[in-house]
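Inside the fold
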Amino acid sequence: MSEPARPNRLASWLSLPQRRLHVRIVLLFLALLLVVQAVSFFTIRGVLERAADRRVAVELRQGERVLARLLVQNAASLRAAAEVLAADYGFRDAIASDDRATILDALANHGQRIGAAAVLYSDLRFQPVASTLPSSAGEIMAQARAAHGDDATEPGDRPAVGLVDGRPYQLITVAVRAPRPIGYVTMGFPLTARLVEDLGELTPLKLVLLQRSDGGTWVPLHIGPYATAAQPLGKVLDVAAQRVTVRLGEDEHVAQLVPLASSGGQQLAAAMLRPLDDVVTEFHRLLGWLLAISVAGVAVFAVGSLATARRITEPIKSLSESARRLGAGDYGTPVAVSSRDEVSVLAQSFEVMRTAIHEREERIRRLAYWDALTGLPNRAQLLDHLAAALDQAAQTGEPCAVLMLDLDRFKLVNDALGHGFGDRLLQAVAQRLGSGVLRGGDIAARLSSDEFAVLMPASGAETARKVALRLRQNLQQPLAIGDQAVDVSVGIGIAVYPDDAQTAEQLLGRAEIAMYAAKAQFTGLKAYTPELETAQLATLSMLTELQAAIENDHLRLYLQPKVALADGRVAGVEALVRWQHPGRGLVPPGLFIPFAEQTGFIRSITAWMIERCIACGKMLKEMGEDVEFAINLSTRDLLDHDLPLKVERLLTAHGMAPDSICMEITESAVMDDPERALATIHRLRAMGLSLSIDDFGTGYSSLAYLKRLPLHQLKIDKSFVLRMEHDRADEKIVRSVIDLAHHLDLEVVAEGVETEQVWAMLRHWGCDHAQGYFVAKPMPAEDFPAWLAAWQAPQVRLHTEFSDTL
């Protein structure tokens, strides 16, 4: 069965009206290209020809200079030989004899010895005396004088070249001294083929010596290898320095005439010949390459134009295909339309739309899987890697470990140095994680603010512990950020699959539990154990229960009185908090206050305390009792910029004066962040609140802070008061603190007063207030009014043994 006839694609392509336009465009572009190529070809050809001419001219000028140097160098060596003759004692004796035959014999002997073909002796006026070539003596002397000038004193150093008996000679004239000049010796050395060979070795030129008589035709001298082939030169060379082109044999040369000597109608010249074979060959090769490139360019352009013309009819189809791909979600394939008409504008719009969508997709993907600040993988990407690693571990039976890292004091760095500095710190930590501490397959990621994690495939607990130790040591090195050096430490938790967890989320969670345990226990790093999770659940349960305690009014306000020692008046109370748990009963403060400090929930408890104290104070004031409430502030309270505003609102809401509240501050609370704490303290003082420093004497910078804090009161720690009845050192400390406080215009409160003798001693020393079990134990706020109504100051006297020591 015969194959069906295929349509003539070219004929059908040319038959369409819209495509004939493209044919004309292609033909026009081809014609323009041909014109440009032709102009370029002939222009470059002219440039190459001029470059070849310049090159030949330069080489001929260089050859002329080289010839002159060769003659000078040859003359120098010949002059040295002639000067030896002129200085010879026997030769000078022969001249002094004034015997022409003797002189002639000496000239012949010395000339033969140094290779001179002609030797002539003349007097000081250059008149020949004796010559080995008598018939040419006058000619030699004339040419020597022409070369060296007309003065009859000293011959110059210029080499003289002349014709003697139709042969070219180099003439050297030296003075004969005894010791003054008595005459001149002129020697003639024939120019040989050696000069021609030397020039050929030093330059790409050929040398032919020419002579002519009375302005006739130049005739080559039979010296050198080119003399025979140079016969046509005499017909074309006429003017010195003129360059002509001449064919010698089968080769074409550029010739230039260089005059050497002229005497008695005889002229001697050198013809410098530059063969054109290599220059023309290189020139023709370049033109050939240029022509080949031009032809190839036209061919490529023709093929490309035809292909473009064929594709130009299909842009709509391409755009339709692109739209289909975009609709299917393929944003990575560019919109490829090669037309240059209105369709291209539409294609560009499609491409801009595709690029914008593609970039948004990439940004979304980047945000979804990478941390923008540090460039590390984020939690989502780490979970993907972790899931893959766990699948691999399940297949191979190898363990897989995760390290969880959390920076210490990062919030302090952010607060003190700014969030910009904190960001740079996180970037520096990320660089440390990738600085060679981890193994090749380990993956570091940033999970949240200052939390990082490291995935360690095919690693057990021991390997994970070694890497964690190296990480901790590496991060403990100070980080230089700008001009600031920062010490960073971390808590690291370790969890291992399959011993500690079975899923990726579970493994990360248990590594985090271990990390928090490491930070809480100050161990630096800790591996996960089930007991840690149990303790964390209990902690989370306590936090939930504390929140419920405030919401359900399970907290209780307790008050412990402070009594003025001078008159026994109740001057104030210290507000304390107790937790009445519905299931556990009364929970001591030591079990939940430290936890509230750690979690920050202490702020809520403090707010509850302030509100209850102000409400209780208002109730007592309505009963006619004016009592000051002392409330303890924690570190987190002092770092709360909103605390003064909260207190002011509560006082205003209950109509209470600020002096009804005294804020008790510990030294450690101030020293965690002195600047922020002092700012809060000064704002509270400016509101009119009293300020007391609690537990004085137990810190290590008390005196330094006494002069900086706007205090009203100083509270001696009970550890000194309890034992001072039996400990002389404590007694001295308490007395010294009382004196110090009074000199600073501060009131003194002694807590821990449990015996009447301590009461008496404090009263005797002038202490202002006493607080302790001797006065009353902490009591519920609702019991305080009854106690206050029944209170009577104790009447005690110092024992004799104490009064003797005071």
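These remarks concern the structure in this document.

Calculation notes
- Residues numbered from 1 in each chain as written.
- Predicted model: local features only at pLDDT ≥ 70, side-chain atom pairs only at ≥ 80, totals over all residues.
- Heavy atoms only, no water.
- Pairing = 2+ DSSP bridges.
- Helix = DSSP H or I, 4+ residues; strand = E, 2+ residues; numbered from the N terminus.
- Axes fitted to C-alpha atoms, helices over the stretch in contact; angles between N-to-C directions.
- Contact = heavy atoms within 4.5 Å.
- Polar contact = N/O pair within 3.5 Å; in protein donor to acceptor, adjacent residues only side chain to side chain.
- Salt bridge = Lys/Arg side-chain N within 4 Å of Asp/Glu carboxyl O.
- Parallel < 35°, antiparallel > 145°, perpendicular 65-115°, else oblique.
- Left-handed = near helix turned anticlockwise from the far one by under 90°.
- Buried < 20%, exposed > 50% of the residue type's maximum accessible area, 1.4 Å probe, protein only.
- Patch = residues over 30% accessible without salt bridge, like charges linked within 9 Å, V, L, I, M, F, W, Y side chains within 5 Å.
- Areas by Shrake-Rupley, 256 points an atom, 1.4 Å probe, with all protein chains shown as cover.
- Lys, Arg positive; Asp, Glu negative; His and termini not counted.
- Charge placed at Lys NZ, Arg CZ, Asp CG, Glu CD.
- Phe/Tyr/Trp six-rings, centres within 6.5 Å; stacked < 30°, edge-to-face > 60°.
- Lys NZ or Arg CZ within 6 Å of the ring centre and 35° of its normal.
- Nonpolar A, V, L, I, M, F, W, Y, C, P; charged D, E, K, R; others polar.

What follows deals with the sheet that holds strand E17 (residues 525-527). Whenever strands of a sheet pair, they do so through backbone hydrogen bonds, lying parallel or antiparallel. Strand order across the open sheet formed by five strands is E12-E13-E11-E16-E17, with mixed pairing between neighbours. Of all the strands in the sheet, the pair left with one neighbour each is strand E12 (443-446) and E17. Sheet twist, expressed as the mean angle between neighbouring strand axes with direction ignored, is 20 degrees. Relative to strand E13 (residues 451-456), strand E11 (residues 400-407) runs antiparallel, the two being bridged by six bridges. Residue pairing in the sheet places Met 404 in a bridge with Ala 453 of E13. Contacts from helix H14 (residues 461-475) reach E11, E13, strand E16 (490-497) and E17, with the element oriented near 165 degrees to E16.

Here we come to the side chain of Arg 432. With respect to the helices, strands and loops of the structure, Arg 432 is situated in helix H13 (residues 419-433). Looking at Arg 432, its side chain comes within polar contact range of the main-chain oxygen of Gln 477, at 3.1 Å. Each residue touching Arg 432, except ones within four places of it in the same chain, is listed here: Val 437, Asn 474, Leu 475, Gln 477, Pro 478 and Leu 479.

For the structure shown, the criterion picks out twelve salt bridges. The partner of Arg 439 in a salt bridge is Asp 442, and the shortest N-O contact between them spans 2.9 Å. Within this structure, Glu 574, Glu 664, Lys 715 and Glu 751 form a network of salt bridges that share partners.

Further remarks concern the packing of helix H11 (residues 379-396) against helix H15 (residues 504-521). Here H11 crosses H15 at 115 degrees, and the two axes come no closer than 9 Å. Here H15 runs roughly perpendicular to H11, going by the angle between their axes. Where H11 crosses over H15, the two elements pack in a sense that is right-handed. Every residue of H15 that contacts H11 at Arg 379, Leu 382, Leu 383, Leu 386, Ala 387 and Leu 390 is listed here: Ala 504, Glu 505, Leu 507 and Leu 508.

What follows concerns the environment of Ala 38. For Ala 38, the position within the fold is in helix H2 (residues 17-87). Judged by relative accessible area, which is 33%, Ala 38 ranks as partly exposed. Sequence-wise, Ala 38 and Ser 294 are 256 residues apart; in three dimensions their C-alpha atoms are separated by 8.4 Å.

Turning our eyes to something else, we now look at a positive patch on the surface. Where like charges cluster on the molecular surface, the positive patch consists of Arg 61, Arg 65, Arg 69 and Arg 243. Take the positive patch: its biggest share by element is three residues, from H2. Mapped onto the fold, Arg 65 is located in helix H2. The exposure class of Arg 65 is partly exposed, given its relative accessible area of 43%.

This part takes up the packing of aromatic side chains. All told, the structure shown has three aromatic pairs when counted by the stated rule. Ring geometry for Phe 784 against Trp 787: centres 5.9 Å apart, planes inclined by 25 degrees, an arrangement best described as stacked. Of this pair, Phe 784 and Trp 787 are both found in helix H27 (residues 784-790), three residues apart, which corresponds to roughly one turn of the helix. With respect to burial, Phe 784 and Trp 787 carry one shared label: buried. Taken together, the ring pairs in this structure connect Phe 784, Trp 787 and Trp 791 into an aromatic cluster. Arg 578 extends its terminal NZ or CZ atom over the ring of Tyr 558, reaching a point 5.4 Å from the ring centre. The ring of Tyr 773 is capped by Lys 777, whose NZ or CZ atom sits 5.2 Å from the centre of that ring.

Moving on: the environment of Pro 589. If you trace the backbone, Pro 589 turns up in helix H17 (residues 589-599). Sequence separation of Pro 589 and Val 577 is twelve residues, and the distance between their C-alpha atoms is 7.1 Å. Once you skip the residues sitting within four places of it in the chain, Pro 589 turns out to touch Val 577, Arg 578 and Pro 594.

Before going further, it helps to spend a moment on the sheet that holds strand E2 (residues 128-131). Spatially, E2-E1-E5-E4-E3 is the arrangement adopted by the five strands of the open sheet, whose pairing is antiparallel. In the strand order of this sheet, the two ends are held by E2 and strand E3 (160-164), each with one partner. Strand-to-strand twist of the sheet, defined as the mean angle between neighbouring strand axes without regard to direction, takes the value 30 degrees. Sheet analysis places strand E1 (residues 118-122) next to E2, joined by three bridges and oriented antiparallel.

Within helix H26 (residues 756-765), seven of the ten residues are buried, which leaves the element mostly enclosed by the surrounding structure. Those residues of H26 lying buried are Gln 757, Val 758, Trp 759, Ala 760, Met 761, Leu 762 and Trp 765. Just downstream of H26 lies Gly 766, where phi reads positive at about 90 degrees.

A separate point is the packing of helix H12 (residues 410-417) against H13. Taken N-terminus to C-terminus, the directions of H12 and H13 make an angle of 140 degrees; their axes are 6 Å apart at the nearest point. Looking at the two axes, H12 sits oblique to H13. On the side of H12, the interface is formed by Phe 410, Val 413, Asn 414 and Leu 417, while H13 contributes His 419, Phe 421, Gly 422, Leu 425 and Leu 426. Grouping the constituent residues of the contact of H12 with H13 by class yields six nonpolar, three polar and no charged.

Just distances and angles here, no functional claims.
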